[in-house]
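These are the residues of each chain, in order.
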Amino acid sequence: MRSAGANRLVLEARNVAFLADAMLGNIARKLRIFGFDTVYMAQAHDDEILKVGIKQDRVILTADKELFKRIVKVGARGVLVSGRSSELEDLVHILSKNGITSVGMNGIGSRCSVCNGHLEERTSDQVKNNDDCNNDNDNDDVIVPDKVIACHNQFFQCITCGKIYWEGGHLKRIRALVRNLDAKLIDRDCTTTSTSSSSRRDSSASKG
Ligand SMILES: [Zn+2]
């Protein structure tokens, strides 16, 4: 993870914001972990999704062909996600559609995967479980176990929901995923620029 200041700069450099519909919760979570501003609307009606997507200038991600048709019709930005063989392929598709040729590691640890809030750096003292203060706290996400405090010295906390993060085994998997993604994005970028624009890959982008 990087310092909160560096993370904020990375966030500002990410000029694409997403809106994922109900079927794409895992994709939304991954995009947030990579550092992309991603709203997830699990229970919203299509009208509401379109309204928020347009108002906030977000790329709407959907696996629903009917919703995608409406996105195209109203001139909103969107990517049809269904039909890929794996989550990795879906992510490659989404990112390449938006001109992103590299995810990189810099955005990791800048956003909360649960709520999309910004993360800020905390010391171990700040996240230590203080029994006097937390007797009535039933949210496990804001309590860091003593054994974690003992072997980590860098923590991040979501300023919106309070969830606390630290460098753990899952981040190794995320970094491996990013390396995979970036390799595929570079491949695709080379393929796209070396073939004609008739590539069928472009058929599901509504704009851009
Ligand atoms: Zn959060």
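This text goes with the structure placed above it.
Residues numbered from 1 in each chain as written. Predicted model: local features only at pLDDT ≥ 70, side-chain atom pairs only at ≥ 80, totals over all residues.

Draft legend 1. Structural view of unusual backbone geometry. A positive phi angle is found at D57, which is not glycine, with a value near 50°. With respect to the helices, strands and loops of the structure, D57 is situated in the loop between α3 (46-55) and β3 (59-62). Among the residues examined, D57 registers 12 C-beta atoms within 10 Å and is labelled exposed. Of note in the backbone geometry, N116 takes a positive phi value of approximately 80° without being a glycine. (Helix = DSSP H or I, 4+ residues; strand = E, 2+ residues; numbered from the N terminus. Buried ≥ 20, exposed ≤ 12 C-beta atoms within 10 Å, placed from the backbone.)

Draft legend 2. Here's a closer look at the sheet that holds strand β7 (residues 164-166). As summarised here, the arrangement of the three strands in space is β5-β6-β7, forming an open sheet in which the pairing is antiparallel. Looking at which strands have only one partner, the edges of the open sheet turn out to be β5 (119-122) and β7. Direction aside, the axes of adjacent strands within the sheet are offset by 35° on average. Alignment of strand β6 (residues 155-158) against β7, held across three bridges, turns out to be antiparallel. Bridge pairing in β7 places Q157 opposite I164. (Pairing = 2+ DSSP bridges. Axes fitted to C-alpha atoms, helices over the stretch in contact; angles between N-to-C directions.)

Draft legend 3. Structural context of α3. Among the residues making up α3, those that are buried are I49, L50 and G53. Angularly, the buried residues of α3 cover 95° about the axis, an arc narrow enough to put them on a single face. Of the exposed residues in α3, those oriented more than 90 degrees away from the buried face are D47, E48 and K55. Summarising the contacts, the buried residues of α3 are in contact with β1 (18-20), β3 and α4 (65-74). (Arc of directions from axis to C-beta. Contact = placed C-beta atoms within 7 Å.)

Draft legend 4. Looking closely at the pairing of β6. Covered by surrounding structure in β6 are F155 and Q157 together with F156 and C158, the residues of both alternating faces. Examined bridge by bridge, β5 and β6 share four bridges and lie antiparallel to one another. Along β6, the bridge assignment pairs R122 with F155. What sits between the antiparallel neighbours β6 and β7 is a turn of five residues, in which G162 has the positive phi angle 90°.

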